[in-house]
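# Structural characterization, general
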Amino acid sequence: MSVAEDRRQAVLRAIVADYIALQEPVGSKSLVQRHNLSVSSATIRNDMSVLEKEGFIAQQHSSSGRVPTEKGYRAFVDALHGVKPLSAPERRAILDFLENGTDLEDVLRRSVQLLAQITNQAAVVQLPTLEVSRVKHCEVVALAPTRLLLVVITDSGRVDQRNVELATALADEDVRLLRDALNTVLVGATMSEASTSLAKLAELADARIADAVERATAVLIETLVDTPSDRLLIAGAANLTHVSASGSDLHSVIAALEEQVVVLKLLAGAQELERVSVRIGRENEDEEFSRASIVTTAYGTGEALGGLGVVGPTYMDYPGTIQKVATVARYISRILRGE
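Looking up the protein chain in an unreviewed UniProt entry gives the name Heat-inducible transcription repressor HrcA, with the organism given as Corynebacterium lipophiloflavum. The heading Function (unreviewed entry) in the UniProt record of the protein chain holds the text "Negative regulator of class I heat shock genes (grpE-dnaK-dnaJ and groELS operons). Prevents heat-shock induction of these operons." The UniProt entry for the protein chain carries the following comment under Sequence similarities (unreviewed entry): "Belongs to the HrcA family."

Spelled out as structure tokens, the structure:
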């Protein structure tokens with residue numbers, strides 16, 4: 001890369017950084033004043049002209065400064081070889097807040113609230129999917145003579161509860177037999193792995209509990225195997241109610257965040273631990289997010305258990321947001337590993 005190309009890249013980084021900080025068009029004079037670029041305003045103007053022709057920046061009005069385009073933001077993000085680490089007090093505060101969670105869902109709820117607060121954007125997190133979580137235990141509780149509560153607990157800390165209606169009442173001993181029968185095929189397996197054994201379980205069960213086994217397994221297969229619920233937690237949508245500096249609002253993004261399927265698609269690519277993905281503007285497949293940027297990653301133990309991320313305007317603080325999303329995901333993973 002030539003000296004001129006290096007300088008233009010420095011000018012682009014400065015324009016993006018200033019626009020993120022101020023949300024105002026950036027002029028050559030302000031660049032010279034704020035950044036040590038060691039060249040004249042005329043040289044900066046020439047560089048800005050080249051960057052504009054190449055599509056990295058744009059001029060909204062003939063007399064205004066420049067603003068970054070999606071291409072400019074992408075070049076800025078791709079050039080981030082490293083991001084400024086959080087300070088020791090910041091890291092300690094995040095970990096202390098998350099460690100005070102009573103269970104995994106509480107930890108994830110705290111995580112999404114924390115991300116929304118420290119990034120001033122909308123934050124989303126996916127509870128561990130049953131496709132990778134293995135069942136640790138299934139508890140059976142008699143709520144009424146002909147109604148049972150099944151509580152499925154996975155090794156990731158996910159808890160799912162399902163009601164089962166019975167034809168006839170079960171004795172306490174039969175409730176225990178049902179619990180033991182379910183655990184013989186569920187413990188140590190994913191719900192998908194256990195589905196075949198669950199379907200055949202009624203045929204092998206004691207006659208006293210055969211009907212209850214059939215009803216319980218039908219509920220588990222229908223709700224947790226055939227139609228698994230990938231639950232989401234969202235916080236900070238109100239942070240997007242402000243109007244962006246480009247004059248386009250994010251109200252369509254707020255509406256889209258209410259659609260679980262759409263949000264799950266946002267997190268679908270977050271399947272690799274320690275890897276942060278950034279999608280800017282029209283890089284997002286859904287039209288609702290074409291004016292937003294999305295920063296996502298995964299959390300888990302040895303493998304990804306779910307995704308989390310932040311949704312905000314294209315002028316978001318990319319270095320800070322990337323670092324905060326990565327740090328929160330890393331601490332969730334540490335808590336899951338019991339570290």
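Once you've had a look at it, read on.
Scanning the protein chain for helices and strands turns up twelve helices and ten strands. The C-alpha atoms of the protein chain give a radius of gyration of 26 Å, which is well past the 20 Å a tight globule of 339 residues would have. Considering only C-alpha atoms, the protein chain reaches an extent of 90 × 40 × 35 Å along its principal axes. The proportion of buried residues among the 339 residues of the protein chain is 48%. In the protein chain, the share of contacts with a sequence separation of at least 24, taken over all contacts with a separation of at least 6, comes to 60%. Total accessible area on the protein chain stands at roughly 16,300 Å², and carbon and sulfur atoms take up 48% of it. For the protein chain, the separation between the mean place of its 35 positive charges and that of its 45 negative charges on side chains is 8 Å.

What follows is about the sheet that holds strand β8 (residues 277–280). The antiparallel open sheet is built from five strands, whose spatial order is β7-β3-β10-β9-β8. Across the chains shown, the open sheet's two edge strands, defined by having one partner strand only, are β7 (232–235) and β8. Going across the sheet, the axis of each strand differs from the next one's by a mean of 15°, ignoring polarity. Along the sheet face, helix α6 (residues 104–119) touches β3 (122–126), β7, β9 (292–300) and β10 (304–313) and points at about 30° away from the line of β7.

Moving on, we get to the packing of aromatic side chains. Overall, the coordinates contain two aromatic pairs when judged by the stated rule. Ring centres 6.3 Å apart and planes at 90° place the aromatic pair Y19 and Y315 in the edge-to-face group. Of the two residues, Y19 sits in helix α1 (residues 3–22) while Y315 sits in the loop between β10 and α12 (318–336), which places them 296 residues apart along the sequence. The buried category is assigned to Y315, whose relative accessible area is 9%. Judged by centre distance (5.7 Å) and plane angle (50°), the rings of Y73 and Y318 are tilted. Taken together, the residues Y73 in helix α4 (residues 70–78) and Y318 in helix α12 connect sequence positions 245 residues apart. No difference in accessibility class separates Y73 from Y318, as the two residues are buried.

Looking at where N183 falls in the secondary structure, it is placed in helix α7 (residues 172–186). Overall, the relative accessible area of 12% leaves N183 in the buried class. Within the local environment of N183, its side chain forms a polar contact with the backbone oxygen of C138, the two atoms lying 2.8 Å apart. Once residues lying within four places of it in the same chain are set aside, the contact partners of N183 are H137 and C138.

By the definition in use, this model includes 23 salt bridges. Here E193 and R134 are joined by a salt bridge, their closest N and O atoms 2.6 Å apart. You can see E193 sitting in helix α8 (residues 191–204) and its partner R134 sitting in the loop between β3 and β4 (135–144), a full 59 residues away along the chain. A relative accessible area of 44% places E193 in the partly exposed class. Assessed through its relative accessible area of 32%, R134 is described here as partly exposed. Among the ionic contacts, a cluster of salt bridges with common partners joins R7, R8 and D47.

Here we take up the side chain of S290. With respect to the element layout, S290 can be found in the loop between β8 and β9. Setting aside anything within four residues of it in sequence, one finds S290 in contact with E70, G281 and R282.

Once that is clear, we can look at α4. Residues of α4 that are buried: G72, Y73, R74, A75, F76 and V77. Looking at the packing, one finds that the buried side of α4 touches α1, β2 (66–68), β8 and α12.

What follows covers the sheet that holds β4. Strand order across the open sheet formed by three strands is β4-β5-β6, with antiparallel pairing between neighbours. Whereas interior strands pair on both sides, the edge strands pair on one side only; in this sheet they are β4 and β6 (159–165). Across this sheet, the average inter-strand angle for adjacent strands is 20°, counted without regard to direction.

Core analysis: the biggest nonpolar cluster contains 51 residues, and V11, L31, L108, Y299, L308, Y318 and V328 have the highest contact counts within it. Mapping this core onto the domain boundaries places at least three of its residues in each of domain 1 (3–79) and domain 2 (88–129 + 230–337). Ignoring any residue separated from it by four or fewer positions in sequence, one finds V328 in contact with I94, L98, S111, L114, L115 and L308. With 32 residues, the next largest nonpolar core counts C138, L186, L201 and V213 among its residues.

Another aspect to go through is a negative patch on the surface. Among the surface-exposed residues, E258, E259, E287 and E288 lie close enough to one another that they form a single negatively charged patch. Inspection of the secondary structure assignment puts E288 in the loop between β8 and β9.

Conventions and cut-offs
- Residues numbered from 1 in each chain as written.
- Predicted model: local features only at pLDDT ≥ 70, side-chain atom pairs only at ≥ 80, totals over all residues.
- Heavy atoms only, no water.
- UniProt positions renumbered as here; feature names shortened; annotations may be inferred.
- Helix = DSSP H or I, 4+ residues; strand = E, 2+ residues; numbered from the N terminus.
- Rg over C-alpha atoms; globule rule 2.2 N^0.38 Å.
- Buried < 20%, exposed > 50% of the residue type's maximum accessible area, 1.4 Å probe, protein only.
- Contact = heavy atoms within 4.5 Å.
- Areas by Shrake-Rupley, 256 points an atom, 1.4 Å probe, with all protein chains shown as cover.
- Lys, Arg positive; Asp, Glu negative; His and termini not counted.
- Charge placed at Lys NZ, Arg CZ, Asp CG, Glu CD.
- Pairing = 2+ DSSP bridges.
- Axes fitted to C-alpha atoms, helices over the stretch in contact; angles between N-to-C directions.
- Phe/Tyr/Trp six-rings, centres within 6.5 Å; stacked < 30°, edge-to-face > 60°.
- Polar contact = N/O pair within 3.5 Å; in protein donor to acceptor, adjacent residues only side chain to side chain.
- Salt bridge = Lys/Arg side-chain N within 4 Å of Asp/Glu carboxyl O.
- Core = buried A, V, L, I, M, F, W, Y, C linked by side-chain atoms within 4.5 Å.
- Domains from an automatic or database assignment.
- Patch = residues over 30% accessible without salt bridge, like charges linked within 9 Å, V, L, I, M, F, W, Y side chains within 5 Å.

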